[in-house]
Amino acid sequence: MADECFGHPRLAAIHDWLDPDRSDLDAYVRMAQEFGARRVLDIGCGTGVFALLLAGRGIDVVGADPAEASIAVAEGKPGSERVRWIRGDAAALPPLRVDLVTMTANVAQAIVDPETWDVTLRRALRSLRPGGHLVFETRNPARRAWQEWNREDSYRVTEIPGVGPVESWVEVTDVNRPLVTFRWTYVFAADGQVAASESTLRFRERDEVESDLLAQGYVVDEVREAPDRPGREFVFLARRPEAG
C-alpha cells in the first residue's frame, strides 16, 4: 500500500514542489556511471525524478511504483516516454536483465514487512544480470533521526504555481523499534482542505541488512556513507554473483 502522499492525486501532484532538493540523487547518478550501467531498474520510483535523470543521460530505465497517482505524475513529465513505467511493487516485475537496481531515499525503509522485504530483494536479484549491482540506502538507527521529525523544525509554507500556498509539517506518532510511524499534514490555502499522510519506516541495523542480502544470494561489496549526509545513512552496494 502506497503512502497517501504518493497515492493521493492532489498530494502526488505537489510532491516535487514540497521536496525540491534532490541532491541526494547525485551519488546514485555517479554510481550508475561507476558501474557503467546501461540498463537500470528503479524500484519505488515515485514521481520519476531519478528515472528521468538517468533517461536524460541515455540510460535505458524501468521505473516501478505501486502508487498509481505518482506514476501518473511521472508519465506527464517531459521525457517520460523514454522510461518504461510499471505500476506495482517488486512482485509485479516482468522478466528483466539490468545492470543496476536502485532504491533511493526512503524506499528500502518503507518496505517494513520482512516477507515483502525478502521478496523485493529476491526479485531485484532476479532482475539483475550476473555481476549487476543493487544499491540502496537506509538510515543508521543509532542516529535516531526521528527525534528531529517534529512540527517546530519541519513547518513551512510552500507557494506552488497553480495551487497556491500549502502549509506542511511532520510529527512522529509512534516509536516501536525498529518501526517508526509519522504523519505529514498538508493544508491547502486555496480551499482549506487538510490532508494527512501517515508513513512507517523500518530502521534496520547494518548487520541485519547484510545478513538479509547474503541470505538472498548477493555478494555485499561495500557499505558507504551518503556523501551529503555523512554518518547518517548506510548505502549498500550488493552484487549478483557472476555465476548466479
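A short tour of the structure in this document, coming up. What you see is a predicted model; the values in this text were computed from it and never measured.

**A word on the nonpolar core**
Argument step 1. With 28 residues, the main nonpolar core has L41, V101, M103, L134, F136, L213 and Y218 as its most contacted residues.
Argument step 2. For Y218, the contacting residues outside a window of four places in its chain are L121, A124, L125, L128, L134, L213, A238, R239 and R240.

**Digging into the environment of V166**
Argument step 1. The topology assignment puts V166 in strand β7 (residues 164–176).
Argument step 2. Note: C-alpha distance between V166 and F50 (116 residues apart in sequence) is 24 Å.

**A look at unusual backbone geometry**
Argument step 1. Cis geometry is found at the peptide bond from R177 to P178, where omega equals 15°.
Argument step 2. Looking at where P178 falls in the secondary structure, it is placed in the loop between β7 and β8 (179–188).
Argument step 3. Not every positive phi belongs to a glycine, and A105 is a case in point at roughly 50°.
Argument step 4. Locating A105 in the fold gives a position in the loop between β4 (98–103) and α6 (107–110).
Argument step 5. Take A105: its relative accessible area is 29%, and that puts it in the partly exposed class.
Argument step 6. One non-glycine residue with positive phi stands out, namely R144, at about 45°.

**Examining the sheet that holds strand β10 (residues 219–224)**
Argument step 1. Spatial strand order, β3-β2-β1-β4-β5-β11-β10: seven strands in an open sheet with mixed pairing. Across the chains shown, the open sheet's two edge strands, defined by having one partner strand only, are β3 (83–87) and β10. Each neighbouring strand pair of the sheet contributes to a mean axis angle of 15°, computed without reference to strand direction.
Argument step 2. Pairing of β10 with strand β11 (residues 233–239), which is carried by five bridges, proceeds in the antiparallel orientation. Bridge assignment links E222 to a residue of β11, and that residue is L237.
Argument step 3. Across the sheet, helix α3 (residues 26–34) is in contact with β4, β5 (128–139), β10 and β11; its angle to β5 comes to roughly 160°.

**Quick notes on the pattern of salt bridges**
Argument step 1. For the coordinates displayed, the defined rule picks out 17 salt bridges.
Argument step 2. K77 is the salt-bridge partner of D16, the closest N and O atoms lying 2.4 Å from each other. Remark: K77 occurs in the loop between α5 (68–75) and β3 and D16 occurs in helix α2 (residues 9–18); sequence separation between them is 61 residues.
Argument step 3. The partly exposed category is assigned to D16, whose relative accessible area is 25%.
Argument step 4. Between E205 and R177 there is a salt bridge, with the nearest N and O atoms lying 3.9 Å from each other. Of this pair, E205 sits in the loop between β9 (194–202) and α9 (206–215) while R177 sits in the loop between β7 and β8, and the two are 28 residues apart along the sequence.
Argument step 5. Classification of E205 by relative accessible area gives partly exposed; the value is 37%.
Argument step 6. On the basis of relative accessibility, which here comes to 39%, the residue R177 falls in the partly exposed class.
Argument step 7. Among the charged side chains, a network of salt bridges with common partners joins E137, D228, R229 and E233.

**A few points about the pairing of strand β2 (residues 60–65)**
Argument step 1. Of all six residues making up β2, five are buried, and the element is well covered by its neighbours.
Argument step 2. Bridge count for strand β1 (residues 39–43) against β2 is five bridges, and the pairing is parallel. Bridge pairing in β2 links D42 to G63.
Argument step 3. Considered for its hand, the β-α-β crossover made up of β1, helix α4 (residues 49–55) and β2 is right-handed.
Argument step 4. Here β2 runs beside β3; their pairing, made up of five bridges, is parallel. For V61, the partnering residue across the bridge sits in β3 and is V83.

**Observations concerning the sheet that holds β8**
Argument step 1. A sheet is described by the order of its strands in space; here four strands give the open sequence β6-β7-β8-β9, paired in antiparallel fashion. Each having just a single partner strand, β6 (156–160) and β9 make up the two edges of the open sheet. Between one strand and the next, the sheet's axes are offset by a mean angle of 25°, whatever the strand orientation.
Argument step 2. Taken together, the 10 bridges between β7 and β8 define a ladder with antiparallel strand orientation. Its bridge partner lying in β8, V175 is registered against V180.
Argument step 3. Across the sheet, α2 is in contact with β6, β7, β8 and β9; its angle to β6 comes to roughly 105°.

Reading the values: the criteria
- Residues numbered from 1 in each chain as written.
- Predicted model: local features only at pLDDT ≥ 70, side-chain atom pairs only at ≥ 80, totals over all residues.
- Heavy atoms only, no water.
- Core = buried A, V, L, I, M, F, W, Y, C linked by side-chain atoms within 4.5 Å.
- Buried < 20%, exposed > 50% of the residue type's maximum accessible area, 1.4 Å probe, protein only.
- Contact = heavy atoms within 4.5 Å.
- Helix = DSSP H or I, 4+ residues; strand = E, 2+ residues; numbered from the N terminus.
- Pairing = 2+ DSSP bridges.
- Axes fitted to C-alpha atoms, helices over the stretch in contact; angles between N-to-C directions.
- Salt bridge = Lys/Arg side-chain N within 4 Å of Asp/Glu carboxyl O.
- Right-handed = clockwise from strand over helix to strand, strands pointing away.

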